[in-house]
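Residue-level structural notes
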Amino acid sequence: MIKENDIEQNFINKLVDQKYTYRPDIRTRKTLEENFRQKFQELNYVNLSDAEFSRLIDQIISADVFTASKRLREYSTFERDDGTPLHYTLVNIKNWCKNSFEVINQLRMNTDNSYHRYDVILLINGIPLVQVELKTLDISTRRAMQQIIEYKNDIGNGYTKTLLSFMQLFIVSNQNNTYYFANNNTKHFNFNADERFLPLYEYADEENKKIHLLNDFTQTFLSKCTLGEMISRYMVLIESEQKLMMMRPYQIYAVKAIVSCIDRNCGNGYIWHTTGSGKTLTSFKASTLLKDSPDIEKCLFVVDRKDLDRQTREEFNKFQAGCVEENTNTDTLVKRLLSNDYSDKVIVTTIQKLGIALDGTNKNNYKKRLESLSDKRVVFIFDECHRSQFGENHKAIKEFFPKSQLFGFTGTPIFPENSTYKEINGEEKTIKTTADIFGGEKPLHAYTITHAIGDDNVLRFHVDYYEADTKVKTNNTISQKAVVEAILAKHDAATQERKFNAVLASSSINHAIEYHRLFKEIQAEQKTQDESFMPLNIACVFSPPVQVLDPNSTNKKDIEQLEEDLPQEKADNSVKPNEKKKALIEIINDYNIQYGTNHDINNFDAYYQDVQQRIKDQQYSNQDYPHKNKIDITIVVDMLLTGFDSKYLSTLYVDKNLKYHGLIQAFSRTNRILNDTKPYGNILDFRGQEDEVDKAMVLFSGKKDKEQAKKIWLVDAAPVVIEKLNNAVSAIESFMTSKGLKNTPEEVNNLQGDEDKARFINLFKEVQRLKTQLDQYTDLTEENKQTIEEVIPKDTLRAFKGVYLETAAKLKALQEKNKDEASDLIEQLDFEFVLFASAVIDYDYIMSLIAKYTGTSSEKQKMNKEQLIGLIESDAKFMGEVEDIKAYIETLKMGEVLNEDEIKIGYEIFKAKKSSNKIDEIAANYGLEKKALKEFVDITLTRLIFDAEMLSDLFAPLELGWKERAKKETQMMNELIPLLKKQAGEHEISGLSAYEE
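Remember, it's a predicted structure, so these values are computed and weren't measured experimentally.

Some points on the sheet that holds strand β25 (residues 649-655)
A sheet is described by the order of its strands in space; here six strands give the open sequence β19-β26-β25-β22-β24-β23, paired in parallel fashion. On the outer flanks of this sheet lie β19 (461-465) and β23 (538-540), each paired with one strand and no other. Direction aside, the axes of adjacent strands within the sheet are offset by 20 degrees on average. Pairing analysis gives four bridges linking strand β22 (residues 501-506) to strand β24 (residues 633-636), with the strands arranged parallel. By the bridge assignment for β24, A505 is matched with V636.

Here's what the structure looks like:
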């Protein structure tokens with residue numbers, strides 16, 4: 001195998017061939033700063049004194065990556081020794097290609113208590129902006145990211161106190177696979193408990209062909225002008241989150257295509273980027289680049305509903321604070337169109353407001369007022385341009401703005417196949433195709449769902465075509481009552497025991513109203529029959545009938561606008577509107593009772609926004625945000641089926657007819673990537689629409705063959721996954737047998753050596769991943785379930801999970817403490833603890849089980865002590881305190897009736913006493929004052945900062961020599977650190993790592 005040093009040298013040689021300057025003389029902090037000084041002086045035509053340069057370094061270096069990144073891209077001012085200002089830039093920000101590009105390696109960056117060494121760093125104008133870590137092993141990309149994150153977050157690292165604070169990008173490669181990701185502050189540069197990973201990128205060409213070989217990546221991505229362009233134009237600094245974000249290759253190509261088309265003034269065009277691919281970021285970047293073009297008078301980003309207007313405006317302002325102001329009405333839109341203010345150059349508006357502004361019959365005479373703009377170059381960028389309304393406004397825009405250019409974004413273009421549909425009244429209507437409206441035989445750039453699934457940017461789908469017993473069908477249609485009963489039976493499986501939530505798409509407002517009533521009625525019956533039944537939290541949302549609303553309603557006009565894109569709801573509300581109004585009032589009242597809110601129909605928008613927020617709040621654990629505050633299922637008609645995004649919405653129940661783009665848009669609400677606990681978007685169809693699904697997949701996948709399209713879009717059928725599970729279990733059995741052991745959980749502890757245990761970790765992780773996938777299949781037959789139980793019985797699985805977590809905890813500690821000594825196999829382990837954390841089994845659930853266990857006579861118990869402890873041991877959430885819970889259970893007396901609150905209080909007292917005893921024991925072992933040590937622990941945990949001076953003060957009364965005192969301090973801290981970490985929980989204690997082995 002080629003050595004890492006050789007890979008490094010070959011990489012440097014490749015960069016030198018591309019006109020980078022290799023600087024083997026830069027190996028220390030001093031030489032790095034001396035080089036930067038020279039480059040700074042040359043760029044800014046200045047000679048700095050030593051004192052001035054020292055002050056400059058102090059001024060520009062910041063521990064805050066976001067602040068440093070802004071400074072890198074801005075003009076700044078520095079006061080010289082004589083009091084005069086020096087206006088400067090750190091790099092040539094007008095033309096990044098004209099900066100100097102250098103490569104250095106084996107830089108050793110010594111700070112107060114850190115001596116890190118870095119493989120390869122790329123300097124632009126003397127500033128380290130790209131760090132490249134080269135590997136020889138085929139490592140997990142997530143583990144590689146984690147290693148860099150751990151390295152960067154070490155106390156005293158060079159990224160906070162030196163020029164490394166300007167680092168923009170990290171690149172990891174083992175020659176065959178190359179990935180890159182943006183630098184960030186700790187908040188956005190970490191793995192949290194749910195393993196929501198950093199965005200990781202692979203470079204690609206315009207056809208989305210991956211460029212993963214290191215040589216090819218270096219030739220393309222690291223060419224000097226491309227790298228400069230990536231950092232200067234295609235990194236986005238998100239002000240509201242203080243976060244750096246890279247644009248993905250397909251987003252960059254789309255922006256370039258639009259800008260090129262405008263620069264050449266060569267007509268209109270459209271971008272086909274699939275739902276969930278980040279169209280808003282792409283259009284934002286296109287808009288901001290156009291904002292600085294003197295040839296463009298205005299750039300309008302046009303959406304077609306008020307909620308999307310707000311959502312898009314908020315997204316734009318998230319990328320750049322205050323870049324888009326609110327358009328409350330058409331009059332405001334017209335004033336901003338006529339404004340010469342730079343802040344009004346980019347405007348987000350709705351197609352409806354634009355239509356009113358260009359309507360010559362409007363009494364406000366907007367069209368006349370806008371005449372001065374009619375001969376100017378105005379760019380229109382349309383979001384979701386597959387909508388029918390756009391075709392109706394196209395002619396008016398082109399007639400009024402003859403010099404305009406129009407660009408559309410769509411995840412689901414209109415082709416000849418899906419250009420005909422039936423209106424609500426049964427009349428057929430034809431929509432112009434997207435190509436007809438925007439011109440050109442093909443899009444300016446395409447990134448289809450086929451690409452997105454291949455890139456792991458969106459999930460595949462699992463579609464369950466529900467077949468009901470003939471007894472619950474009427475005219476071959478499943479009764480609503482049967483649908484509700486089926487959903488109640490399947491929801492927990494579909495949503496991983498309510499970790500995720502769902503939308504129920506109904507065919508009409510009356511249909512939705514009946515569903516809301518049935519859920520309320522049937523769940524109440526089930527609760528009466530079984531007091532342990534936990535009802536689902538149900539919400540329902542549809543547009544109010546505007547004709548019977550209070551004339552003084554604050555958002556009556558908004559609702560009128562909202563209905564324009566909701567054809568089914570608009571038609572429904574025209575029939576017996578007072579009945580719809582009464583039903584919606586009752587639905588909102590039920591919602592208010594459920595959630596303690598105070599919404600009403602005349603302020604519908606506030607209610608609608610609250611529903612959307614609660615769907616998104618599913619992301620929080622029940623401990624942080626109780627389940628009673630969340631929504632399990634939202635019943636809709638047309639709303640929320642386009643444009644709404646939530647990673648924790650995993651399931652769509654379909655009881656309405658869907659076709660082509662409408663079907664794909666609705667399905668795509670479920671397929672946002674989270675982590676391995678969400679393996680696919682779950683669709684449960686109650687209308688037998690398999691033919692329609694197949695047609696839509698073929699049309700939008702870009703594949704002509706149905707079977708090809710299915711392979712791309714759909715997950716494997718249950719029997720296929722069950723066979724994979726069987727193979728994964730067999731692989732563990734073969735491994736254990738090869739080690740002379742039985743394939744049982746208890747035998748895992750007899751594996752000799754950490755590398756064998758690491759192999760078990762990787763083998764069993766695959767078993768759990770497949771089991772997690774199968775657990776969310778809603779179409780498992782009784783035969784399927786029996787086969788799964790035979791492959792790996794529930795009790796055996798639980799026991800294996802327990803021993804997995806125990807083994808993983810030990811190996812993770814080894815991985816963290818002995819980074820240089822750990823073997824390659826252990827170093828590359830990625831434990832994926834999120835797969836082993838149940839959404840149901842949380843702290844409250846365990847406490848309630850303990851209460852039931854102690855308060856029930858042994859003959860009536862459903863769960864014995866061993867099963868209870870096994871349940872705790874098999875869940876990753878309790879890894880840090882499983883021993884404490886087990887010890888606490890041993891102190892409880894059988895038959896002693898304690899309620900859940902008493903159990904919780906008792907457990908907290910038990911832990912506090914155990915901790916206090918441990919502190920007393922440590923104090924006695926080292927001759928320290930017990931009270932002083934307890935105060936030291938309390939202050940450390942309160943401030944989450946380890947104070948070395950306080951530690952020295954603890955040992956001062958012992959009057960030890962400095963060598964002996966240092967030795968005792970280290971020994972004592974080795975015993976105290978586990979206790980401190982345990983009590984700090986997920987919070988990090990700053991400075992503590994200096995005492996960790």
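Some points on the side chain of K285
Residue position: K285 is located in helix α9 (residues 279-291). Contact partners of K285, with chain neighbours within four places excluded, come to R233, Y234, M235, V236, M247 and V255.

A look at the pattern of salt bridges
This model, assessed by the stated rule, comprises 46 salt bridges. The salt bridge partner of R759 is D756, with a shortest N-O separation of 3.5 Å. A residue pair is termed a helical-turn pair when its members lie 3 or 4 positions apart in one helix, as R759 and D756 do in helix α27 (residues 754-775) at three residues. Between E921 and K918 there is a salt bridge whose closest N-O contact spans 3.7 Å. A residue pair is termed a helical-turn pair when its members lie 3 or 4 positions apart in one helix, as E921 and K918 do in helix α34 (residues 900-926) at three residues.

Some points on the nonpolar core
Formed by 105 residues in total, the largest nonpolar core has its most connected members in F380, F519 and F667. Here this core takes seven residues from helix α17 (residues 480-494), the largest share from any one element. Those residues in contact with F380 that sit more than four places away from it in its chain are L300, V302, L354, I397, F401, S404, Q405, L406 and F407. Formed by 102 residues, the second largest nonpolar core is a distinct cluster that contains Y20, L163, Y203 and L227.

Side note on the packing of helix α32 (residues 865-873) against helix α33 (residues 882-891)
For the pair α32 and α33, the least separation of the axes is 10 Å and the interaxial angle reads 160 degrees. Comparing their axes, α33 and α32 come out roughly antiparallel. In this structure, α32 crosses over α33, and the sense of that crossing is right-handed. On α33, the residues touching K865, L868, I869, I872 and E873 of α32 are V882, I885, K886, I889 and E890. Partitioning the contact of α32 with α33 into residue classes produces six nonpolar, no polar and four charged.

Description of the packing of aromatic side chains
Under the definition given, this model contains 38 aromatic pairs. Aromatic side chains F415 and F700 sit 6.0 Å apart centroid to centroid with 45 degrees between the ring planes, which places their arrangement in the tilted category. Here F415, found in the loop between β15 (405-410) and β16 (420-422), pairs with F700, found in helix α24 (residues 690-701); they are 285 residues apart in sequence, far enough to count as distant. Among the aromatic residues, those joined into a ring-pair cluster are Y118, Y159, F170, F181 and F189.

So, the pairing of strand β7 (residues 169-173)
Buried residues dominate β7, accounting for five of its five residues. Side-chain alternation along β7 places L169, I171 and S173 on one buried face and F170 and V172 on a second face that is also buried. One ladder, built from five bridges, connects strand β6 (residues 127-134) with β7; its direction is parallel. Looking at the pairing, E133 lines up with V172 of β7. Summarising the sheet, β7 and strand β8 (residues 178-182) pair through five bridges and their orientation is antiparallel.

Focus on the environment of N899
Tracing the sequence through the fold places N899 in the loop between α33 and α34. The spacing of N899 and K852 is 47 residues in sequence and 8.2 Å in space, taken between C-alpha atoms.

Some points on unusual backbone geometry
For Q106, which is not glycine, the phi torsion reads 55 degrees and is therefore positive. By the secondary structure assignment, Q106 is in strand β4 (residues 101-111). A positive phi angle, close to 70 degrees, is found at L640, a residue other than glycine. Positionally, L640 belongs in the loop between β24 and β25. Assessed through its relative accessible area of 2%, L640 is described here as buried.

Calculation notes
- The residue numbers shown here count from 1 along each chain, following its written sequence.
- Local features in this predicted model are restricted to residues of pLDDT 70 or higher, and side-chain atom pairs are both shown and tallied only at a pLDDT of 80 or more, whereas totals for entire chains, interfaces and linings draw on every residue.
- Computation of side-chain values: all heavy atoms of the structure, hydrogens and water removed.
- Between any two strands, pairing holds if DSSP finds at least two bridges.
- Secondary structure elements are taken from DSSP: a helix is a run of H or I of four residues or more, a strand is a run of E of two residues or more, and numbering for both begins at the N terminus.
- Lines fitted to the C-alpha atoms define the axes, with helices restricted to the stretch that makes contact. Angles between their N-to-C directions range from 0 to 180 degrees.
- Note on contacts: a residue pair is in contact if any heavy atoms of the two residues lie within 4.5 Å.
- We define a salt bridge as a contact between a side-chain nitrogen of Lys or Arg and a carboxyl oxygen of Asp or Glu at a distance within 4 Å.
- Among buried residues, the Ala, Val, Leu, Ile, Met, Phe, Trp, Tyr and Cys ones that are joined through side-chain atoms within 4.5 Å form a nonpolar core.
- Each residue is assigned to one of three classes by its accessible area relative to the maximum for its type, calculated with a 1.4 Å probe on protein chains only: buried under 20%, partly exposed between the two thresholds, exposed over 50%.
- An angle below 35 degrees is read as roughly parallel, one above 145 as roughly antiparallel, one from 65 to 115 as roughly perpendicular, and any other as oblique.
- By convention, the crossing between two helices is left-handed when the near helix turns anticlockwise from the far helix through less than a right angle, and right-handed when the turn is clockwise.
- Classification convention: Asp, Glu, Lys, Arg as charged; Ala, Val, Leu, Ile, Met, Phe, Trp, Tyr, Cys, Pro as nonpolar; all other residues, Gly among them, as polar.
- Each pair of aromatic rings taken from Phe, Tyr and Trp, with Trp reduced to its six-membered ring, is defined by centres within 6.5 Å and is described as stacked if the planes are under 30 degrees apart, edge-to-face if over 60, and tilted in the remaining cases.

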